[in-house]
Number of protein chains: 2
Amino acid sequence: MVSKIKLTNFRKFKNLELDIDKDIVVLHGDNAVGKSTILEAISLITNGKSPWANTDEYISTDQEEETPFCRIEITTKEDGEEKTYSYYKTNSRRILKINDKNTPIKKFFEETASTIFNPEKIEILMISPSKRREFLDEIISTLDYEYVEILKQFRKVLKQRNAYLKKLSKQFYDKGIIARNDPQLNFWTNEFLKSAEKIQEMRERLSKRIATKKLKVEYIKSNGDIALEDALENSKKRDIATGYTNVGPHRDDWELINGMNIKKYGSRGEKRLSIGKLIFEVQKIMKKELGYYPILLLDDIASELDKKNTAEIFKPEILNKQQTFITIIDYKNLPKEVVKNAQLIDLN
Amino acid sequence: MVSKIKLTNFRKFKNLELDIDKDIVVLHGDNAVGKSTILEAISLITNGKSPWANTDEYISTDQEEETPFCRIEITTKEDGEEKTYSYYKTNSRRILKINDKNTPIKKFFEETASTIFNPEKIEILMISPSKRREFLDEIISTLDYEYVEILKQFRKVLKQRNAYLKKLSKQFYDKGIIARNDPQLNFWTNEFLKSAEKIQEMRERLSKRIATKKLKVEYIKSNGDIALEDALENSKKRDIATGYTNVGPHRDDWELINGMNIKKYGSRGEKRLSIGKLIFEVQKIMKKELGYYPILLLDDIASELDKKNTAEIFKPEILNKQQTFITIIDYKNLPKEVVKNAQLIDLN
């Protein structure tokens, strides 16, 4: 359990210190008081990256130091034992320490984890197929380190197959020739299949695992019901004409179905609720595989939900599983049960 | 003023009839009761397109008819005179009528207009540069029909310049030759400049016009401070190597600045508020140019705003300008002044 959070030069916080003594923490206050920023800091120190900034923009810019920096520190308490994690960052370097001792990246981040759920995440998952693929890939990578290597291998081979297709494409347009059985293309196709089939299989398996009885996650292969090998053969001419690989895991997608296609026909509330349910299923899987529930960060989630759906998201059996940080403008919009058991932190 | 709305087979509504008698209309109710759907219908019949569906998915699918269809009908009342607009749509055809008489597209949509403001719009404007360019282009097109032609011309020329660059690119990779002064490339560059400079100029002008004292809209040219002609000359080698045009209006962007870059450093509330302010400025410009204020559709806008900012969005001097439709889960979250003057429609 996180028992203390300290931020220095982190976005709007020059110095912030919060003592935490409950498993449910409600950060409440007006717009722009820094609610989401605190969740961003927790996400950074537990997962190594910000849920929304790609660069170092969270380092406060109004510092007088020659080298602007920020520092996040969290203290955890588990069975009476305290541990302090600190994350120091400048534009060019990052120093990670546990109990004041420099710690390698892998060890630092393998001890803690968090899952964030916020309105941006829902919009992005609804808009972008590549973000949907990334969503699955990130979970599988956390559960199975081997998958990181498979993905790397896949991206490398895809790049090389595409480069070779571009060459063939040029030949085709210059001379009108398509080699029906080009040995080098066959080689890259075989290499491609090795990792591609594994990725599709693993993503498909996870899709089934995170689905619930009412909420199906339908993994949609770009090759449809046809074996990927055959689909690649069928798309050969097209691949050569366009100069890239038209089928494979880099073109797959998934959909959420609860009787209907939620992306197409769901209201904003239904979208939010369904993605929430997926994320809670992911928490359960994480617990099974990692041995602990990641910290849950619920950022402004209640805002577009009615009472019934708010109660659905903030169910005790979900919240009681892990430490949960909730941001909200007015805590009175949370179910009373939640407020009763929570530590309320007013940021106004 | 819209005085009646009738929907048939439109998404979840088999048959819906609403009588409207106020300038502020608050549609309230739980998630998924169809609040946003009503705004979507108004947007479709006034602007010709849905703010979120690209296809005909708003046509209700559970019909027994051989040809599924939907119908939207609104009646407006202006100085005692009533007019009925009807929009009938199947997968293959659209019939537009005013007072039961078939009406050409241009005439139909030039009489009415609406502006929608919803959480998706904010997210998309924050995520995608192409959507940000589109935002400006749509406004300019509404104000100045000539701009539609300039854009068309620009897209055509860009396509042709890129096609020619691809040819040169091939030559370069095959034979290592870059023609320093290729006459055909020069021709396309000149054609490109004709519309490109005009587009940048018009977008820049609009950016200044929709900005307020506190909220700047900074138009960012991909050619920076350099004249576009010179920037194209400088990027010639790169254009040939990559096979496409690297600078021009299709690569420009804009940012919102209120002392800081809102996309980078703003909280979700600040983002929402700033885009709202832009949209209200656009309303004013529309009034000046079109002679009337477009109907304002505020879809779930209050949900992530605190009291102060909610009051900021729902100011009487903004709401009183045009007919405004507001969706919200609980109308008690609106300022009392607004509720007092509004027609409340309970969709539960």
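Along each chain, the written sequence defines residue order, and numbers are assigned to residues from 1. As a convention, the first chain written is A and the first ligand written is 1, with the rest following in written order. This being a predicted model, a pLDDT of at least 70 is required before a residue's local features are given, and a value of 80 or more before pairs of side-chain atoms are given or counted; all residues contribute to the totals for chains, interfaces and linings. Heavy atoms throughout the structure, all of them, feed into the side-chain values; hydrogens and water do not.

Visitor: Describe the sheet that holds strand 5 (residues 81–90) of chain A, naming the residues involved and giving the relevant values.
Guide: All names here are of chain A. Here six strands make up an open sheet; going across it, the order is 2-1-4-5-6-7 and the pairing antiparallel. Edge positions in the open sheet fall to strand 2 (13–19) and strand 7 (101–102), since each of these has one partner strand only. By the bridge criterion, five bridges tie strand 5 to strand 6 (residues 94–98) in an arrangement that is antiparallel. Across the sheet, the residue bridging to Tyr85 is Ile98, located in strand 6. Against the sheet, helix 1 (residues 35–47) touches strand 1 (2–10), strand 2, strand 4 (69–78) and strand 5, its axis set at about 105 degrees to strand 1. Strands are treated as partners if at least two bridges between them are detected by DSSP. A helix here means a DSSP run of H or I that spans at least four residues, while a strand means a run of E at least two residues long, and both kinds are numbered starting from the N terminus. Residue contacts are defined here by distance: any two heavy atoms, one from each residue, within 4.5 Å place the two residues in contact. Only the stretch in contact is used when fitting a helix axis, every axis being a line fitted to C-alpha atoms; angles between N-to-C directions are given from 0 to 180 degrees.

Visitor: Tell me about the packing of helix 5 (residues 145–175) of chain A against helix 6 (residues 183–210) of chain A, residues and numbers included.
Guide: Residue and element names in this part refer to chain A. Contact pair helix 5 / helix 6: the axes reach a minimum separation of 9 Å and the direction vectors enclose 145 degrees. Viewed along their axes, helix 5 and helix 6 form a crossing whose handedness is left-handed. Put simply, Ala, Val, Leu, Ile, Met, Phe, Trp, Tyr, Cys and Pro go in the nonpolar bin, Asp, Glu, Lys and Arg in the charged bin, and everything else, Gly too, in the polar bin. Here the contact of helix 5 with helix 6 is composed, by residue class, of 15 nonpolar, five polar and five charged. Should the near helix be turned anticlockwise from the far one by less than a right angle, the crossing is left-handed, and should it be turned clockwise, the crossing is right-handed.

Visitor: Tell me what's going on with the interface of chain B and chain A, and back it up with residues and numbers.
Guide: A common way to state how big an interface is: give the accessible area lost once the parts meet. Listed per partner, the contact involves 32 residues of chain B and 32 residues of chain A. Here chain B packs against chain A, burying approximately 2700 Å² in sum over the two surfaces, 47% of which is carbon and sulfur. For salt bridges, the criterion is a side-chain nitrogen of Lys or Arg within 4 Å of an Asp or Glu carboxyl oxygen. Between chain B and chain A we count eight salt bridges in total. Pairs of N or O atoms within 3.5 Å make up the polar contacts considered here, provided that, within protein, one atom can donate a hydrogen while the other can accept it, and that residues adjacent in sequence are counted only when both atoms are side-chain atoms. Summed over the shared surface of chain B and chain A, the number is 12 residue pairs in polar contact (both at pLDDT 80 or more). Sorting the residues of the side of chain B that touches chain A by element identifies helix 3 (119–127), helix 5 (145–175), helix 9 (262–265) and helix 10 (268–290) of chain B as the ones contributing at least two each. Looking at the side of chain B that touches chain A, its residues break down into eight nonpolar, eight polar and 16 charged. Once two parts are joined, some of their accessible surface, as seen by a 1.4 Å probe, is lost; buried area is that loss totalled over both.

Visitor: Could you give an account of the relation of the copies chain B and chain A, naming the residues involved and the relevant values?
Guide: For the least-squares superposition of copies, only C-alpha atoms count, and only for residues with pLDDT at least 70 in both. You can overlay chain B on chain A at an RMSD of 0.1 Å; the transform is a turn of 180 degrees with a shift of 0.0 Å along its axis. Taken together, the rotation and translation relating the two chain copies correspond to the operation of a two-fold axis. Residue Ser303 of chain B, judged by its C-alpha, is the member of chain B lying nearest the rotation axis, at 2.5 Å. A share of 100% of the interface residues of chain B reappears at the interface of chain A, consistent with the copies meeting face to face through the same patch.

Visitor: Hey, could you go over the side chain of Gln322 of chain B for me, with residue numbers and the actual values?
Guide: All names here are of chain B. Mapped onto the secondary structure, Gln322 falls in the loop between helix 12 (316–319) and strand 12 (324–328). Of note is the side chain of Gln322, whose polar atom sits 3.0 Å from the backbone oxygen of Ile318. Side chain to side chain, Gln322 and Thr324 meet in a polar contact 3.1 Å long. Those residues in contact with Gln322 that sit more than four places away from it in its chain are Asp23, Gln283, Tyr293, Pro294 and Leu296.

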